[in-house]
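Structural overview
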Amino acid sequence: MAKILMVVTGSDVWTLADGTAHPSGYWAEEVAAPYQAFVAAGYDVVVATPGGVAPTMDPASLAPELNGGQENADAIAAVLAGVTELKRPVALADVELDDYAGVFYPGGHGPMEDLAVNAGSGALLVAALASGKPLGIVCHGPAALLATADAEGGSPFAGRRVTAFSNAEETQSGFADRAPWLLQDRLVALGVDFQEGEAWAPHVIADGNLYTGQNPASAAPLAARIVTALG
């Protein structure tokens, strides 16, 4: 059966501007909804993390007020409880891109801590973009694109239409003035063509084989676009 690689942060904290280690990890909905979509479409999902560590879910990501109520939060938690791949991820360094039909990066603030500076992840992203295989990245997941910059600061993602968690959303979530840097600003500095949608509303951008989603609400429609692209 064809496989999709899901690259998940291995960090359980996000270091704020004042040095505080804020509890973090991956965002629940951004793993659960795509996982369901990929499995329903007949794909096996393989989870990879830096070092092969079991990833941590951001404890805030199952808050009822962020998931449309307790019932929806419980449903997401139930999906994640059945994702055994999260308990036994492969090491990112051991990944062979040729083994996979597509690649997906969920978010959470965790990627800003580790994937943003992970050279192995950066090399994988560059190879995935060049391969023509569907590459999906959502919310804070595009922080990983920062690791694709070369010594001169150039990146093959420069000029590509990309969306991600916006400055407006970071401000509204209460973290903009506590963050060491803002994702939208860093992506613009990398040279991407940042496409901002309405805060918190589903917003997906496709540019060739690159598919990005702005926020947690974009995870499910982003995964649907990837499934369609996979054919």
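The structure contained in this document is the topic of the report that follows.

Analysis parameters
In this convention, every chain numbers its residues from 1, walking through the sequence in written order. Where local features are concerned, this predicted model is filtered to residues with pLDDT of at least 70; where side-chain atom pairs are given and counted, the filter is 80 or more; whole-chain, interface and lining totals use all residues. Side-chain measures were taken over the full set of non-hydrogen atoms in the model, leaving aside hydrogen atoms and water. Only protein chains enter the calculation, and the probe is 1.4 Å; a residue is then buried if its accessible area is under 20% of its type maximum, exposed if over 50%, and partly exposed in between. Only runs of H or I of at least four residues qualify as helices and only runs of E of at least two qualify as strands under DSSP, and these elements are numbered from the N terminus. Pairing between strands is defined by DSSP: at least two bridges between the two strands are required. One less than the number of residues in a helix, times 1.5 Å, gives the span that helix is expected to have. For this quantity, the arc is that covered by the directions from the helix axis to the C-beta atoms. In what follows, a contact means two residues having at least one pair of non-hydrogen atoms within 4.5 Å. Two kinds of site are reported from a 1 Å grid over the protein atoms alone, namely cavities, where a 1.4 Å probe fits but cannot get out, and pockets, open sets with protein on both sides within 12 Å along at least five of seven lines, and residues are called lining when an atom falls within 4 Å of a point. Grid points are joined across faces, edges and corners, and a volume is the space filled by probe spheres set on the points. As a working rule, the residues Ala, Val, Leu, Ile, Met, Phe, Trp, Tyr, Cys and Pro are called nonpolar, Asp, Glu, Lys and Arg charged, and the rest polar, with Gly in that last group. Put simply, two rings from Phe, Tyr or Trp (the six-membered ring, in Trp's case) pair if the centres are within 6.5 Å, and we call them stacked under 30 degrees between planes, edge-to-face over 60, tilted for the rest. By convention a nonpolar core is built from buried Ala, Val, Leu, Ile, Met, Phe, Trp, Tyr and Cys residues, the set being connected through side-chain atoms within 4.5 Å.

1. Observations concerning the pairing of strand E6 (residues 102-105)
- By the alternation rule, side chains of E6 split into Gly-102 and Phe-104 and Val-103 and Tyr-105, which are all buried.
- Where strand E1 (residues 3-7) lies against E6, three bridges are found, and the strand directions are parallel. Residue pairing in the sheet places Ile-4 in a bridge with Gly-102 of E6.

2. Points about helix H2 (residues 70-81)
- With twelve residues, H2 should reach 16 Å at 1.5 Å per residue; the first-to-last C-alpha distance of 16 Å fits that figure.
- Taken as a whole, H2 has its buried residues at Ala-73, Ile-76, Val-79 and Leu-80. With its buried residues spanning 120 degrees around the axis, H2 presents them on a single face. Projecting away from the buried face of H2 at angles above 90 degrees are the exposed residues Glu-71, Ala-78 and Ala-81.
- Residues of H2 that are buried in the fold lie against helix H1 (28-40).

3. Digging into the layout of surface pockets
- Its boundaries defined by the atoms lining it, the largest pocket holds a volume of some 370 Å³.
- Of the residues assigned to the lining of the largest pocket, the class counts are nine nonpolar, six polar and four charged.

4. Focus: the packing of aromatic side chains
- Under the defined criterion, the tally for this structure stands at three aromatic pairs.
- Arranged with centres 5.7 Å apart and planes meeting at 75 degrees, the rings of Phe-38 and Phe-104 form a pair that is edge-to-face. Pair noted here: Phe-38 is in helix H1 and Phe-104 is in strand E6, with a separation of 66 residues, a long-range link.
- Here Phe-104 falls in the buried class, since its relative accessible area comes to 0%.
- Ring geometry for Phe-165 versus Trp-200: centroids 5.4 Å apart, planes at 70 degrees, classification edge-to-face. Placement of the pair is Phe-165 in the loop between strand E8 (161-162) and helix H5 (167-172) and Trp-200 in the loop between strand E9 (193-194) and strand E10 (204-207), with a sequence separation of 35 residues.

5. Notes on the nonpolar core
- Within the largest apolar cluster, 38 residues are counted, with the highest numbers of intra-cluster contacts made by Leu-5 and Tyr-105.
- Broken down by secondary-structure element, the contributors of at least two residues to this core are E1, strand E4 (44-49), E6, helix H4 (119-131), strand E7 (135-138) and helix H6 (183-190).
- Here this core gets four residues from one element, more than from any other, and that element is H4.
- Excluding residues that lie within four positions of it along the chain, Tyr-105 makes contacts with Val-7, Leu-115, Ser-121, Leu-124, Leu-125, Gly-136, Ile-137, Val-138, Gly-141 and Ala-144.
- Formed by 27 residues, the second largest nonpolar core is a distinct cluster that contains Val-47, Phe-104, Cys-139 and Ala-219.

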